[in-house]
Amino acid sequence: MRGIYKVPFHDDETATSLAIRLAAANRIPAIPFFDDLGFSLKSVIGGEHDALTRLSEISQISPERIFRNAFTITKPGHGILRDEKVRAPWLARYPARACATCLHEDLRREHGPNSARRYYRIHWQLASIRSCEIHDAPLIELPSGSNYRNFDLDYRATKNTRELNNALALKGTRPFTDYERFIIDRLEGRRRAGELLDSMSMLSGMDVTELIGMYATFGKYANLDHYNDSDWHNGAQAGFSLMRQGRSGIRQFLQQMTADRNKKRSARGGAAILGGINLGLSPRYHFRSGPDYDLIRAEMMAYINEHVGLTYKQKVFGKASSGTHVVFTDAIKTIGGGDMARGLLLHFSGERDEKTTVFPLSAYEKAQEYFDDLVFPIDAYPLLGITRPHFVQLVDRGVIAKDELYKKLFPSCMAKYSRSKLHTLVDAARSSPPVAKHDGLVSLWNVIVLVRVPFADIINLLMERKLSQVHYNLELPGLASILVDPAEVTSHFPLDERWMMASEVATLMGALKREIFDMTRGGILPFHKFRVPGRSQSIFFDRNEIQEFHAKYTHAKALATETGLKSHKAAQLLRLADIPKLRARLSVYYERTAARAALAEAGYP
């Protein structure tokens, strides 16, 4: 278009900067200049398509170049810049900061009116760019103008000439960082900052990087409002060094944030665990919601769940935790008393420190499951459908075992038994298929009375499925439901050569039968009590046990016979001797070897 003075357009210049310089080169204020050309300066600032197309025609610059460097408003405070979503406060809509050396070189290098020589770089709009990539100098804040003058870089720079001239001396004092290079790369369409950052939008990547960097540099409880531009410059670079490493960098940051936390103690919520970033990354801020922030929060929560004792009551990032741990004060409500709950939690967590106040949820669930499975004997009787004497007999015979872990952890407490194992015992005893007709079958209690077979032996027969004539009355609980044939039970308990009668024992030992029973009642002589069909006696003696006893012990009458002494003389000598003795009423038995030695010492070998 003839009659309009043209200005060159730079690849890193904003579309608004081109429009302002074009008006300045023609020595006409920007607003009336564009009004006369049929569109407004405001429409250029907002990136409207028709206005940018018209600007392209007037400036004779290709529309592709102008559209590429234009900021397009999508809604108040939000827009698109080179295909990246940006918004306030990370983007300045009008020139706010500039490099003094770049502006000085613009005046020397460019042609045309001075007011049209200095141009605004596209990356200066971003608040996270704090230094010049060419001169390693800090960007200087330009005081605001009024109305459209805020977009006139030359006007604002001229008003602050002294400050810009002084800032020329700062060249080389603030190196351009890798973090700032990452931002420019994204504006240029390049993604080379690592898998994590490259998967995020530019803006969320900038935001998270700076938050992580500031808290990593100045501590988890740092007040970010108190730090200057130089501090943010250094903090952002520290954050980029971590974020570039991806998930390992985030975990390195979290390791620093949680270094003061003791996993054995209650975490007391996200603020105590993470410090300021807990609130900073909270989704309560609408602009920190979305998949990018969710990814970072999820990664942080994964680390926290692994390394911090977090209970369901505590909040992290403003959201109640699902809880990976249980605090001790909550655990005691469902797992017995304090000492019992602590003992179980310490065992199932593998922890040895008794001052631990939080435990893994998995350990708590195992402890609770274990505790709920335990029953006292008084609760086991109705569960098995038996009485206390029968229960004691089953325990003594090893059919039912006390819970070993409970006994080990709480040796001074009353024994408990596993509910599930008792159910297994009942199932095993009722494992034989029932017969169709149950005529002649009686309950276990009646069998015991009829045939005098120990209850434990009948249960063993049932568990070993040696009884075929079995029926079940499922209206009764546990073992009480079992019906068996007394004759079949009897057939499994014939008296064999192993057993001796009391009279046989008396003959072998040279004693009276009465003395044998006195010894059984006194607990000296081992015996077994059961009924055998056809025999009235219920006390029997194991032949091997009796022979072992007879070989080890003897009485004065037998010693007198062996030594030729009178029995009363032998008894008198042995009464004064310091040798082991067993007494049962009037019966006295001596250890055979010691007694013979005592008599030999007295002159009676």
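Residues numbered from 1 in each chain as written. Predicted model: local features only at pLDDT ≥ 70, side-chain atom pairs only at ≥ 80, totals over all residues. Heavy atoms only, no water.

*Asks:* I'd like a description of the overall build of the protein, backed by residues and values.
*Replies:* Helix and strand counts for the protein stand at 32 helices and 20 strands. Relative to the 2.2 N^0.38 estimate, which gives 25 Å for 605 residues, the radius of gyration of the protein is 48 Å and therefore markedly larger than a compact globule would have. In terms of principal-axis extent, the alpha carbons of the protein reach across some 155 × 70 × 35 Å. Scored against the burial criterion, the 605 residues of the protein give a buried share of 51%. Here the contacts in the protein between residues at least 6 apart in sequence split such that 63% fall between residues at least 24 apart. If you sum the accessible surface of the protein, you get close to 30200 Å²; carbon and sulfur atoms cover 51% of it. For the protein, the distance from the average site of its 82 positive side-chain charges to the average site of its 68 negative ones is 4 Å. (Helix = DSSP H or I, 4+ residues; strand = E, 2+ residues; numbered from the N terminus. Rg over C-alpha atoms; globule rule 2.2 N^0.38 Å. Buried < 20%, exposed > 50% of the residue type's maximum accessible area, 1.4 Å probe, protein only. Contact = heavy atoms within 4.5 Å. Areas by Shrake-Rupley, 256 points an atom, 1.4 Å probe, with all protein chains shown as cover. Lys, Arg positive; Asp, Glu negative; His and termini not counted. Charge placed at Lys NZ, Arg CZ, Asp CG, Glu CD.)

*Asks:* Can you lay out the state of the cysteines for me, pointing to particular residues and giving the numbers?
*Replies:* Scanning the entire structure with this criterion turns up zero disulfides. Cys-99 forms no disulfide, and the closest cysteine sulfur to it belongs to Cys-132, at a distance of 3.7 Å. The exposure class of Cys-99 is buried, given its relative accessible area of 0%. A disulfide-free cysteine, Cys-102 has its sulfur positioned 3.6 Å from the sulfur of Cys-132, the nearest such atom. (Disulfide = S-S within 2.5 Å.)

*Asks:* Quick one: what's the story with helix α18 (residues 338–349), residue by residue and with numbers?
*Replies:* Taking 1.5 Å per residue, twelve residues should reach 16 Å; α18 reaches 16 Å between its end C-alpha atoms and fits that length. Within α18, burial applies to Met-340, Ala-341, Gly-343, Leu-344, Leu-345 and Leu-346. Tucked inside the fold, the buried residues of α18 contact α17 (328–331), β9 (358–360), α19 (361–373) and α22 (404–409). Looking at the residues trailing α18, positive phi occurs at Gly-350, about 75°. (Expected span 1.5 Å × (residues − 1).)

*Asks:* Before we move on, could you go through the sheet that holds strand β13 (residues 470–472) and cite the residues and values that matter?
*Replies:* Within the open sheet, the three strands sit side by side as β12-β14-β13. Their pairing is antiparallel. Each having just a single partner strand, β12 (442–443) and β13 make up the two edges of the open sheet. Bridging between β12 and strand β14 (residues 482–484) involves two bridges; their strand directions are antiparallel. Residue Val-442 lies in a different strand from β14, and its bridge partner there is Val-484. (Pairing = 2+ DSSP bridges.)

*Asks:* Could you give an account of the pattern of salt bridges, with specific residues and numbers?
*Replies:* Applying the stated criterion across every chain, the model contains 31 salt bridges. We note a salt bridge from Glu-210 to Arg-130, for which the minimum N-O separation is 3.1 Å. Taken together, the positions of Glu-210 in helix α11 (residues 202–218) and Arg-130 in the loop between α6 (100–109) and β5 (140–141) put the pair 80 residues apart, joining distant regions of the chain. The residues Glu-210 and Arg-130 share a single accessibility class, namely buried. Its salt-bridge partner being Arg-498, residue Asp-542 comes within 2.6 Å of it at the nearest N-O pair. Here Asp-542, found in strand β17 (residues 539–542), pairs with Arg-498, found in the loop between α26 (486–490) and β15 (499–500); they are 44 residues apart in sequence, far enough to count as distant. It is possible to trace a salt-bridge network through shared partners that takes in Arg-97, Arg-130, Arg-174, Glu-210 and Asp-229. (Salt bridge = Lys/Arg side-chain N within 4 Å of Asp/Glu carboxyl O.)

*Asks:* Can you lay out the sheet that holds strand β20 (residues 587–591) for me, pointing to particular residues and giving the numbers?
*Replies:* Across the sheet, which stays open at both edges, the three strands sit in the order β18-β20-β19 with antiparallel pairing between neighbours. Strand pairing shows two members of the sheet lacking a second neighbour, β18 (553–554) and β19 (581–584), which therefore form its edges. Alignment of β19 against β20, held across four bridges, turns out to be antiparallel. Following the sheet pairing, Arg-583 is matched in β20 by Val-588.

*Asks:* Can you tell me about unusual backbone geometry, naming the residues and giving the values?
*Replies:* It is generally the case that most residues other than glycine have a negative phi and that most peptide bonds are trans. Geometrically, the link from Ala-88 to Pro-89 is a cis peptide bond, its omega value of 5° lying close to zero. Summarising the element assignment, Pro-89 is placed in the loop between β3 (84–87) and β4 (97–98). Even without glycine at this site, Arg-82 takes up a positive phi of about 50°. By relative accessible area, Arg-82 is classed as buried at 10%. For Asp-83, which is not glycine, the phi dihedral falls at a positive 70°. Overall, the relative accessible area of 76% leaves Asp-83 in the exposed class.

*Asks:* Can you tell me about helix α24 (residues 444–451), naming the residues and giving the values?
*Replies:* Here α24 has its buried residues at Leu-444, Val-447, Ile-448 and Val-451. Mapping the buried residues of α24 onto a view down its axis gives an arc of 100°, with all of them on the same face. Residues of α24 that are exposed and point over 90 degrees away from its buried face: Val-449 and Leu-450. Considering only its buried residues, α24 is in contact with α21 (388–396), β12, α25 (455–463), β14 and α26. (Arc of directions from axis to C-beta.)

*Asks:* Kindly report on the pairing of strand β2 (residues 78–81), identifying the contributing residues and their values.
*Replies:* Burial along β2 is one-sided: the face carrying Gly-79 and Leu-81 is buried and the face carrying His-78 and Ile-80 is not. Between strand β1 (residues 71–75) and β2, which pair antiparallel and follow one another directly, the connecting turn spans two residues, one of which, Gly-77, has a positive phi of 85°. Pairing analysis gives four bridges linking β2 to β3, with the strands arranged antiparallel. Following the sheet pairing, Gly-79 is matched in β3 by Val-86.

*Asks:* Give me the lowdown on the packing of helix α23 (residues 419–429) against α25, citing residues and values where you can.
*Replies:* Following both chains from N to C, one finds α23 and α25 inclined at 70°, their axes separated by 7 Å at the closest point. Comparing the axis directions of α23 and α25 gives the class roughly perpendicular. Note on element contacts: α25 touches α23 through Ile-459, Leu-462 and Met-463, opposite Leu-425, Ala-428 and Ala-429. Tallied by class, the residues present in the contact of α23 with α25 amount to six nonpolar, no polar and no charged. (Axes fitted to C-alpha atoms, helices over the stretch in contact; angles between N-to-C directions. Parallel < 35°, antiparallel > 145°, perpendicular 65-115°, else oblique. Nonpolar A, V, L, I, M, F, W, Y, C, P; charged D, E, K, R; others polar.)

*Asks:* Tell me about the nonpolar core, and please be specific about residues and values.
*Replies:* The nonpolar side chains of soluble globular proteins are, as a tendency, buried together. Counting 67 residues, the largest nonpolar core has Met-243, Phe-253, Leu-274, Ile-277, Leu-281, Ile-296 and Met-300 as its most contacted members. Of all the elements, α11 adds the most residues to this core, at nine residues. Filtering out sequence-adjacent residues up to four positions away, Leu-274 remains in contact with Lys-220, Leu-254, Met-257, Ile-304, Val-316 and Phe-317. With 35 residues, the next largest nonpolar core counts Leu-384, Ala-429, Leu-444 and Ile-482 among its residues. (Core = buried A, V, L, I, M, F, W, Y, C linked by side-chain atoms within 4.5 Å.)

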